[in-house]
Amino acid sequence: MLTNTNHAGYFLYHSIGMYPGKEQDLADATARFAEVWAAPNDKQWGYVLLKRQEFIDCWRRIINVPKGSTTTCESVTDGLHKLMRALPEGMLRGKRVLIAADCFPSLHFLLAGLADKMGFALDTVPLRAGHTWVEQDDFLEAWGSDVGLALITWVTSTASARVDLAPLVAHGRAMGSLIGVDITQAAGLIPFDAMNPQVDFVLSTSLKWMCGTPGAGMLYVEKSLVLDLEPEGRGWFSQNNPFSWDLDTFEYAPDIRRFDSGTPGSMAALASLPALRWHAGQDQAALAAWNRRLVDRIVARADALDLPLQSPRDADRRGGSVMLRFPDKAEAAAVVGALGVEGLSVDFRGPLVRLSPGNVTREERVDAVFDITEETLTRRKRRFAGQGPQAPAARKGTDMSSADLLGSLGAMLLSGQVRIVDCTAVLGPDTPILRLPEDFAKNTPKVEIHRISEYDADGPFFAWNWLKLGEHSGTHFDAPHHWITGKDFEDGYTDTLDVQRLMAPVNVIDCSKEAAADPDFLLTAEHVKDWEREHGEINPGEWVVMRTDWDARAADEEAFLNDDPDPNEDGSHSPGPTTDCMDYLLSKGIVGWGSQCIGTDAGMAGKMSPPYPAHNYLHRDNCFGLASLTNLDQLPPKGAILMAAPLKIENGTGSPIRALALVPQG
C-alpha cells in the first residue's frame, strides 16, 4: 500500500534521492527477495547473485567502464578503505596523499587514521579565507611529484562546487600519482565517464541522485591497476572460482572480484536495483535540465531575500544543489523546521541551508519555500523582547505612556483586577526529581533543607536554613546552556541571559483531557494550529505552555514520574511535544516552552527523531524551558503575562524559580 506519494516539496537529493513509484518498487523488490529466500529449495543464491551482478552492470554503464572493473561496497568510505589497504606494501610510504578540505569528512577521517599505519602524510588543501569551496588552482598548486595518491571530490557536499576533471587528471598523470574521484554528489545527475579523462578509481553510493538505498556503494578500479592490488580482506569470493576450497592454493581473481571477500552482502544492491533501472530508462538530459531550471529559480528567490549564495553562480561549475547562508545556525534551523511542518523537505548544516531539487520536485514549491522563509525570518526578527512592534494606542485614541501603563497595572494589582497566580510547586525533600538510567548519567540528588538556627543558641533572634539542591529541581528554568545544542550562546547562562525576555505574554494550550486519556499524549503542530484558529495567533517573543494538569500527581512521586515498569525500557509515560510541534513554535519566534511534567519533553522523547526535541530545539534557538509548572488551569488561553525568573547563578544552566502569572479578572 502506497503511503508516501506527495514529494512535490522534496529538496534533499544531496541526501536521499526520490523518483515516482520508489516506495512500491522497494516493496516489490524486497517482497520478491523474501519469497525467494524463504523458499524450501536451493535456488536462493543464484537469484541473489544475479541481481547483485545486474546492480554492478548498471553502475558500469553509468560511468562507462568495462566488465571486471566494478564491485559493490557498503559505502564510499568502505570502498576507499578497501582500496587503500590493497595497495602494494610501502607504495605510499614517504609520499603525500592529497585531498581537499571540502571533501566528504568521512573520507578524511579514514585517511587521517591510515596515514601513520601506511607511512604517508595526509595533505589537506585548505579553503581560502572567506571562500566556501577549495579553488581548483590551489589543489593543482599543492599537487607535486611527491603525491602518491590524490582523491578528487567531483562535486562538494558543502557548496555543490564542481571541479573540471580534465586539467586535474592531466596534471596528476604528469606527477605520476594514483588518481581517485568521489562522484557521490552528482552521479546520476551529471554525466560522468571514468574513461574520459581516465582515472584510476571511482567511488560512489546509490543513495543520492541515483535514488537507491544505504549500503549500496560502488567501487571502480582501472583494470590494469587492479592486478597490482591485494585486498586485505579476502575470502572465498575473492577467487576466480569461489568453490575452490583447497586451503593451500588461494589465488586472487584476475579482476575486481578479488575485492569481494567472503559471502557478499547483496540486500542493499537488490533493493537499489529498481532505482538504477528507473534511472537507466530516463532522459538524462531532461533530468539535468529540470534540476537546473529549479536551481535557477532558487537562486533568483534567494537573491531577492538577500540570502548569500554559497555555491558557484555559474551552473557549469555547480552540481545539482545550492547552499544559502542564513544569519546564523538558529535562523537556518528555524526556517528548515518551519518548512518541514508544511511538507517541504530541506536541511541545514550550521548556518547553511541546502536545497537539492530533483525529478519529483515541483516548481511552485520553490516559491512556497521562499514565501515561508521570508515570513519566518520577518517574524523571528521580533522574537526578542524590546524588538517587537510598538504597543497600540489607548482605546480612546490617546497615547498612553509607559508610566501611565505601569501606574494602571499597579492600581489593578492593588484592586484585584489583575490577579497573581502562582505557577510554582513547593520545593522540599518530597519534590519529585528527574530519574535517569544509572548507566546513562548521574542523577540530581533529592532536595535537602538543613536548619542553621531557629531562635536558639545557633541564632537567638532569627531562623534560617541552608539548602542542597540541583539547578533543575522542582518548578525550574532551563537556560540554553543546559543542552549541548545551546552551549555556544554567550547569553545562554542564568547570569548572562537578557532578563527582558523573562516576562512575556503566555499562550496556554489545554491538553488536559487528552493527557488524562493517554499519558503518552503528544502535542503536534496541527494541534497548535487548531488552537490558534480558535484563540488567536502565537506571536513572537511569547511563552507557550502545555496544560496537562499533571501537577495533580505531584504529591505522589511515582505517579508524577510515571516511569515505565519494564527495567529494560528507558523512559517514562508523560505528555509532551512532537518534533514538528517544536519546529512550528520556534518558527513563530517564541521565547520559551513550558510543561507541567518533570521536564519539557515527553517521557518517551528519547525515542523520537531527533531525541528530546524540546531540549534539542529550544536551546539550539537560544530559547528557555520551564518544567513542573502548576495551576495552569487558572490561566486563560491568552491574555495572561508569565514571569519566570531564574536565580542569577554564575554560569548557571538552570534554576528553581517562582513562576508567577498576571491574570486579568472580570
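Residues numbered from 1 in each chain as written. Predicted model: local features only at pLDDT ≥ 70, side-chain atom pairs only at ≥ 80, totals over all residues. Heavy atoms only, no water.

(A) Just the layout of surface pockets, in detail. Approximately 1,100 Å³ is the volume attributed to the second largest pocket. The wall of the second largest pocket is formed by 39 residues, among which Leu434, Arg435, Leu436, Pro437 and Tyr612 lie closest to the centre. Of the residues in the lining of the second largest pocket, the class split is 13 nonpolar, 14 polar and 12 charged. (1 Å grid on protein atoms, 1.4 Å probe; cavity = no way out; pocket = protein on both sides within 12 Å on 5 of 7 lines; lining within 4 Å. Points joined across faces, edges and corners; volume = space filled by probe spheres on them. Nonpolar A, V, L, I, M, F, W, Y, C, P; charged D, E, K, R; others polar.)

(B) Helix α17 (residues 613-620), seen in detail. For α17, the tally of buried residues reaches eight of eight residues, placing the bulk of the element in the interior. Note on α17: the residue one or two positions beyond its end, Asn622, has a positive phi of about 60 degrees. (Buried < 20%, exposed > 50% of the residue type's maximum accessible area, 1.4 Å probe, protein only. Helix = DSSP H or I, 4+ residues; strand = E, 2+ residues; numbered from the N terminus.)

(C) Looking closely at the pattern of salt bridges. Per the counting criterion, the structure on display carries 42 salt bridges. Measuring nitrogen to oxygen at the nearest pair gives 3.1 Å for the salt bridge that ties Arg60 to Asp57. One end of the pair, Arg60, and the other, Asp57, are both in helix α2 (residues 44-63), three residues apart, so they sit about a helical turn from each other. What makes Arg60 buried here is its relative accessible area of 12%. (Salt bridge = Lys/Arg side-chain N within 4 Å of Asp/Glu carboxyl O.)

(D) Expanded view of the packing of aromatic side chains. Under the counting rule described, the total for this entry stands at 16 aromatic pairs. Taken together, a centroid distance of 4.8 Å and an interplanar angle of 85 degrees make the contact between Trp236 and Phe237 edge-to-face. For Phe237, a relative accessible area of 14% puts it in the buried group. Each residue in the set Trp236, Phe237, Phe243 and Trp245 is aromatic and connected to the rest through ring pairs, giving one cluster. The side chain of Arg553 reaches across the aromatic face of Trp550, ending 3.8 Å from its centre. Across from the ring centre of Tyr617, 4.2 Å away, lies the NZ or CZ of Arg620, which sits over that ring. (Phe/Tyr/Trp six-rings, centres within 6.5 Å; stacked < 30°, edge-to-face > 60°. Lys NZ or Arg CZ within 6 Å of the ring centre and 35° of its normal.)

(E) A look at the sheet that holds strand β5 (residues 178-182). Ordered in space as β1-β7-β6-β5-β4-β2-β3, the seven strands form an open sheet in which the pairing is mixed. The open sheet has two edge strands, β1 (70-73) and β3 (121-125), and neither has a second partner. Across the sheet, the axes of successive neighbouring strands diverge by a mean angle of 20 degrees, strand direction being ignored. Alignment of β1 against strand β7 (residues 217-221), held across four bridges, turns out to be antiparallel. By the bridge assignment for β7, Thr71 is matched with Leu219. Packed on one face of the sheet, helix α3 (residues 76-86) meets β1, β4 (147-153), β5, β6 (201-205) and β7 and runs near 155 degrees to β6. Packed on one face of the sheet, helix α4 (residues 105-118) meets β2 (96-100), β3, β4 and β5 and runs near 150 degrees to β3. (Pairing = 2+ DSSP bridges. Axes fitted to C-alpha atoms, helices over the stretch in contact; angles between N-to-C directions. Contact = heavy atoms within 4.5 Å.)

(F) Layout of empty space enclosed by the protein. Considering all chains together, one arrives at two cavities of 30 Å³ or more under this definition. In this model, the largest cavity occupies a volume close to 80 Å³. For the largest cavity, the full set of lining residues is Tyr13, Gly188, Leu189, Trp209, Cys211, Trp278, Leu287, Asn291, Gly358 and Asn359. Taken together, the residues of the lining of the largest cavity sort by class into six nonpolar, four polar and no charged. Looking at the second largest cavity, its volume works out to about 30 Å³. Contributing to the lining of the second largest cavity are Tyr19, Lys22, Asp25, Leu26, Cys211, Gly212, Thr213, Ala271, Ser272, Pro274 and Ala275. Looking at the lining of the second largest cavity, the elements that each hand over two or more residues are α1 (22-37) and α8 (267-280). For the lining of the second largest cavity, the leading source of residues is α8, giving four residues. A breakdown of the residues in the lining of the second largest cavity according to their chemical character gives six nonpolar, three polar and two charged.

(G) The environment of Arg60, seen in detail. As for Arg60 and Ala194, which are separated by 134 residues in sequence, their C-alpha atoms are 9.6 Å apart. Those residues in contact with Arg60, other than ones at most four positions away along the chain, are Val65, Pro66, Lys67 and Thr70.

(H) Structural context of the sheet that holds strand β11 (residues 418-422). Sheet architecture is open: nine strands sit in the order β11-β23-β21-β15-β17-β19-β20-β14-β22, paired in mixed fashion. Since the sheet does not close on itself, it has two edges, and those belong to β11 and β22 (654-656), each with one partner. Going across the sheet, the axis of each strand differs from the next one's by a mean of 25 degrees, ignoring polarity. Packing of α17 onto the sheet brings it into contact with β14 (476-478), β19 (592-595) and β20 (624-627), and relative to β20 it is tilted by some 145 degrees.

(I) Highlighting helix α11 (residues 363-380). Taking 1.5 Å of rise per residue, 18 residues should cover 26 Å, and α11 covers 26 Å from first to last C-alpha, within 8% of that figure. Among the residues making up α11, those that are buried are Val366, Ala368, Val369, Phe370, Ile372, Thr373, Thr376, Leu377, Arg379 and Arg380. Residues of α11 that are buried in the fold lie against α9 (284-304), β8 (322-325), α10 (329-341), β10 (352-355) and α16 (579-587). (Expected span 1.5 Å × (residues − 1).)

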